[in-house]
Amino acid sequence: MREVVPDNQGLVLVLLFVVGNTLVFALGALAGPDLWLAFLVATAIALPMVLLVARIRSLMGGRDLAAGLEYLFGRWPSRAVALGYGVLTWRLSCYVMSDVTNFVQAVALPTTPQFVVASVLALLMLWAAKEGVEVIARFSVVMAKVVLLVLAVTFLLMLSEVDIGEFLPVMYDGPKPVIMGALQLLDFPFLEVIVLFWIFDCFQSKNSPYKVFLPGFLIAAFVLMIVACTSMAVVGARRYGFYYFPVWTAVARINVSTFLTRLEAIIGVTFAIGSFVKMAVCLLAASRCFAYALGFKDYRFLVTPLALGAIPGSQWFLSNVLEMERSATRTHRAGELALQVVLPIVLWLVAELRSRKSKKHVKKGEASGS
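Below is a short write-up of the structure. (Residues numbered from 1 in each chain as written. Predicted model: local features only at pLDDT ≥ 70, side-chain atom pairs only at ≥ 80, totals over all residues. Heavy atoms only, no water.)

Section: the environment of Pro110
Okay, so step 1: In this structure, Pro110 sits in the loop between α4 (75-107) and α5 (114-131).
Okay, so step 2: Measuring from C-alpha to C-alpha, the distance between Pro110 and Leu52 comes to 43 Å, with 58 residues separating the pair along the chain. (Helix = DSSP H or I, 4+ residues; strand = E, 2+ residues; numbered from the N terminus.)

Quick word on the pattern of salt bridges
Okay, so step 1: Tallied over the full model, the rule gives seven salt bridges.
Okay, so step 2: Two residues, Glu352 and Arg55, come together in a salt bridge whose shortest N-O distance is 2.7 Å. One end of the pair, Glu352, is in helix α14 (residues 334-369); the other, Arg55, is in helix α2 (residues 35-59), with 297 residues separating them in the sequence.
Okay, so step 3: You can call Glu352 buried: its relative accessible area is 12%.
Okay, so step 4: One salt bridge in this structure joins Arg75 and Glu70, with 3.9 Å as the shortest N-O distance.
Okay, so step 5: Judged by its relative accessible area of 29%, Glu70 falls in the partly exposed class.
Okay, so step 6: One continuous salt-bridge network, built from bridges that share partners, spans Glu3, Arg288, Asp298 and Arg300. (Salt bridge = Lys/Arg side-chain N within 4 Å of Asp/Glu carboxyl O. Buried < 20%, exposed > 50% of the residue type's maximum accessible area, 1.4 Å probe, protein only.)

Concerning the packing of α4 against α5
Between two packed helices, what matters for the description is the angle formed by their axes and the separation of those axes.
Okay, so step 1: In the contact formed by α4 and α5, the axes pass within 9 Å of each other and the chain directions differ by 135°. Accordingly, the angle class assigned to the pair α4 and α5 is oblique. Between α4 and α5 lies a crossing whose hand is right-handed. Contacts between α4 and α5 pair Met97, Val100, Thr101, Asn102, Val104 and Gln105 from the former with Gln114, Val117, Ala118, Leu121, Ala122 and Met125 from the latter.
Okay, so step 2: Residues of the contact of α4 with α5, tallied by class, amount to eight nonpolar, four polar and no charged. (Axes fitted to C-alpha atoms, helices over the stretch in contact; angles between N-to-C directions. Parallel < 35°, antiparallel > 145°, perpendicular 65-115°, else oblique. Left-handed = near helix turned anticlockwise from the far one by under 90°. Contact = heavy atoms within 4.5 Å. Nonpolar A, V, L, I, M, F, W, Y, C, P; charged D, E, K, R; others polar.)

Describing helix α13 (residues 321-329)
Okay, so step 1: Inspection of α13 places Val321, Met324, Glu325, Ser327, Ala328 and Thr329 among the buried residues, and these make up the whole buried set.
Okay, so step 2: Residues of α13 that are buried make contact with α4 and α7 (176-187).

Comments concerning the packing of aromatic side chains
Here a ring pair, both rings aromatic, is described through the centre-centre distance and the interplanar angle of the planes.
Okay, so step 1: With the rule as written, the count across this model stands at 19 aromatic pairs.
Okay, so step 2: The interplanar angle of 65° and the centroid separation of 6.3 Å between the aromatic rings of Phe39 and Phe190 together place this pair among those described as edge-to-face. Linking Phe39 in helix α2 with Phe190 in the loop between α7 and α8 (208-235), this pair joins segments that are 151 residues apart in sequence.
Okay, so step 3: Look at Tyr85 and Trp198: their rings are 5.4 Å apart centre to centre, the planes differ by 40°, and that puts the pair in the tilted class. Placement of Tyr85 in helix α4 and of Trp198 in the loop between α7 and α8 is noted, with a sequence separation of 113 residues between them. (Phe/Tyr/Trp six-rings, centres within 6.5 Å; stacked < 30°, edge-to-face > 60°.)

A few points about the packing of helix α1 (residues 7-19) against helix α11 (residues 264-293)
Okay, so step 1: Where α1 contacts α11, the two axes come as close as 8 Å, and the packing angle between them is 110°. One way to sum up the angle between α1 and α11 is to call them roughly perpendicular. In this structure, α1 contributes Leu13, Leu16 and Phe17 to the contact, and α11 contributes Gly274, Val277, Lys278, Val281 and Cys282.
Okay, so step 2: Counted by class, the contact of α1 with α11 contains six nonpolar, one polar and one charged residues.

Structural data, given as structure tokens:
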């Protein structure tokens, strides 16, 4: 069965995936007061990669994912690539699950074993992944309204605590902090958009990938920049990187006439919604990748073992809050950089060459037939 997601729903799914589990972390902390500039640089660097992903999908024409990959790259090279991305996406689902379990244990349920929370999350993302991308996209449309409304209200309430002086002077320490902050943002979460390449089976039209990936990514980058910069202006540029959850700390300072206080719980709700969508998307992508790499037509029978495997995986990759924070604020890793940047560029070049050759063969066939 071909799963077709409307462009508007796909756009929202991209938005919620990029926002995902990032809301509480110190994004781009190495940039210091130039955080806003690091966001702009990271967005400008990541944008060509987003367009590249959309271009590869558009070159597939109206084919589904499996047929399009074989059309552009051949069967066995496509399966080898899918296997590599299957490992990447499954590990990312473990990272997101670990982020949620560590966050819940740190701020709400300190005596609850992480295994219990991880088991509940595994069951939820198992159900969502088995329902498919169409259901996840419709769920994202509903939940995105809640997330954006909560973030907008929180932003307005935090304005009374904002100190604009935290952004000054601009580039006082030179370009290095901006570059390092941009590298942090590229590693998490901007370049993770490559995961979305594997969950969309079909699009409505040839230009749909551009309508889905580009605006969804740009809106998500803008939302994250507003949230991160506002939080930094509240807690201070120097303290922003010292907190495990600076957004949580900034929202905790909201006090409107001693009536509206302790509003950090609503950030926890938005964090949970975004993380759930991201986990479901990663699990779905991993199931699709492994199923295609191993030659199976249906991916759903792989969802259950991969979801259950994410429970011990989440404890293995990141065992505590300190490792979670380091993972969220690192600059880059060679293996991930190869799969998120180098390999997509190679695939794009090959796809362009194959597409042009196939067009030439079609033209020659038409000419000889006439």
